[in-house]
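A structural walkthrough
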Amino acid sequence: MEPFLDANLLNWDDRAELHATDRTGSYRIENVLAGGSNLYELETREVGDIFGKDIVHLQCHIGLDTISLKNLGAGSVTGLDFSPRAIAAARDFASKAGSDVRFVEAPLYEAVEALDRTYDIVYVTWGSVNWLDDVFRWGRVVAGLLRPGGRLYMAEGHPLMFQCNRKAAALELKDDWRTPVARPLVWNEKLTYTGDERALKHPRYYEWIHPISDVVNALIAAGLTLDFLNEHDTVSWKHFSFAVRAGKDMYGLPENAPKIPMAYSIGATKRGVGTYRIVQKKVDSH
């Protein structure tokens, strides 16, 4: 996996540099530095009570959502990301905001060892598991970071949306529902998703589509109980060129298009006693 992960790291270092100096307004930097929140209405509503809670934000990127959680009343917040440029930007933003937020640079799979503590809430949103080759390993990381009774909140792009050709002029199924580990999807995108016109120095990156069943089973196998699984017909970025605004800061499909789920969200709680084990079904890499 090293060549794929190395390429993704170079790509995200480039994105972090552009996003930390965002010219498009997408990241609403000044709002967060002034004590506001970058969280979308969906996760603000679904994450539940965070007041006084210890939260870890995995794949936190430049830390603006992480700082937002602190602004919303979390007791302590830690952000983790594998990109040194992203973590440097996050620490700079926290300093400018006067926010007591901890940021740690480490690969996702090494989070338990790097953080060396447990939390009330693991927070994972928007463009997270599609960057990981092994969602079952991710589930074990989530469980390892939670105290008994602690909970996960995640919001993510829907795998059916990721299967569709995002370059087409209408909905068009393109990719398989599960990506073989050794054959990830390969992308070469010169620009980042904010619409910034500055080019990425390292445009190639790799992704994996994970069925929702794998994500859910990964969490159950790791010792979590599902509290809810919701599907949504909007997502927080303009995934397709023909997507339209749907409410504040979200995008959906136009009226004349058939509707598909664009995002999903999960709440899950770490069981205090007793665990159940789901054996992952072996899937042939066709």
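Note that residues are indexed from 1 along each chain, following the sequence as it is written. Only residues with pLDDT of at least 70 get local features here, since the model is predicted, and only at 80 or more are side-chain atom pairs given and counted; chain-wide, interface and lining totals rely on the full set of residues. To obtain the side-chain values, all non-hydrogen atoms of the structure were included, while hydrogens and water were left out.

The next subject is the overall build of the chain. We count a stretch as a helix when DSSP gives it H or I for four or more residues in a row; a strand needs E for two or more, and each element gets its number in order from the N terminus. Counting secondary structure elements, the chain contains nine helices and eleven strands. Here the C-alpha atoms of the chain give a radius of gyration of 18 Å, agreeing with the 19 Å that 2.2 N^0.38 yields for 286 residues. Looking at the chain as a whole, 53% of its 286 residues are labelled buried. The contact criterion used throughout is that any non-hydrogen atoms of two residues lie within 4.5 Å. Excluding contacts between residues fewer than 6 apart, the proportion of contacts in the chain whose partners are at least 24 apart in sequence is 73%. Where accessible areas are quoted, they stem from the Shrake-Rupley method and a 1.4 Å probe; at the residue level, only the protein chains shown are allowed to cover. Carbon and sulfur atoms make up 52% of the accessible area of the chain, which totals about 13300 Å². The sign given to each residue is positive for Lys and Arg and negative for Asp and Glu; His and the chain ends receive no count. To locate a charge, take NZ of a lysine, CZ of an arginine, CG of an aspartate or CD of a glutamate. Positive and negative charge centroids in the chain, built from 33 and 38 side chains respectively, lie 1 Å apart. The globule rule is 2.2 Å times the number of residues to the power 0.38, and the radius of gyration it is compared with is taken over C-alpha atoms. In this scheme, a residue with accessible area under 20% of its type's maximum is buried, one over 50% is exposed, and one in between is partly exposed, where area comes from a 1.4 Å probe on protein chains only.

The subject of this paragraph is the environment of Gly267. Inspection of the secondary structure assignment puts Gly267 in strand β11 (residues 263–270). Here Gly267 falls in the buried class, since its relative accessible area comes to 4%. A sequence separation of 49 residues divides Gly267 from Ala218, and the C-alpha atoms of the two residues are 13 Å apart. Setting aside residues no more than four positions away along its own chain, Gly267 makes contact with Leu152, Thr225, Leu226, Asp227 and Phe228.

Moving on, we get to the UniProt feature "domain: Methyltransferase type" (unreviewed entry) in the chain. As annotated by UniProt and renumbered to match this structure, "domain: Methyltransferase type" (unreviewed entry) occupies residues 57–152. Secondary structure content for residues 57–152 is 40% helix and 27% strand, while the C-alpha to C-alpha distance between its ends is 10 Å. UniProt positions are given in the numbering used here, feature names are shortened, and annotations may be inferred rather than shown by experiment.

So, about the environment of Pro107. Mapped onto the elements of the fold, Pro107 is located in the loop between β3 (102–105) and α6 (111–115). Judged by its relative accessible area of 37%, Pro107 is partly exposed. Considered as a pair, Pro107 and Phe82 are 25 residues apart in the sequence and their alpha carbons are 4.6 Å apart.

Quick look at the pairing of strand β1 (residues 54–58) now. Most of β1 is tucked away, with five of its five residues classed as buried. Residues Asp54, Val56 and Leu58 of β1 are buried on one face, and the alternating residues Ile55 and His57, pointing to the opposite face, are buried as well. At least two bridges found by DSSP between two strands are what make those strands a pair. Bridge count between β1 and strand β2 (residues 76–81): five bridges; the pairing is parallel. What sits directly across from Val56, in β2, is Thr78.

With that settled, consider helix α4 (residues 64–71). Across the eight residues of α4, six count as buried, placing the element largely inside the fold. Elements in contact with the buried residues of α4: α2 (29–33), β1, β2, α5 (84–97), β3 and β4 (119–125). Remark: Gly73 follows α4 within two positions and exhibits a positive phi of approximately 115 degrees.

Attention now goes to empty space enclosed by the protein. Method remark: on a 1 Å grid restricted to protein atoms, a set of points is classed as a cavity if a 1.4 Å probe fits but cannot get out and as a pocket if it is open with protein on both sides within 12 Å along at least five of seven lines; lining residues have an atom within 4 Å of a point. Grid points are joined across faces, edges and corners, and a volume is the space filled by probe spheres set on the points. Evaluation of the coordinates by the stated rule reveals two cavities of 30 Å³ or more. Taken as a whole, the largest cavity spans an internal volume of roughly 60 Å³. What lines the largest cavity is simply Asn130, Phe162, Cys164, Arg166, Leu185, Trp187, Glu207, Trp208, Ile209 and His239. For this classification, Asp, Glu, Lys and Arg are treated as charged, while Ala, Val, Leu, Ile, Met, Phe, Trp, Tyr, Cys and Pro are nonpolar and the rest, including Gly, are polar. Among the residues making up the lining of the largest cavity, the classes are represented as six nonpolar, two polar and two charged. As a volume, the second largest cavity reaches approximately 40 Å³. Surrounding the second largest cavity, Val129, Asn130, Glu156, Gly157, Pro159, Phe162, Trp208, Ile209, His210 and Tyr264 form its lining. Mapped onto the lining of the second largest cavity, the elements with two or more residues apiece are β5 (146–157) and α8 (159–163). Here the residues of the lining of the second largest cavity are counted per class, giving six nonpolar, three polar and one charged.

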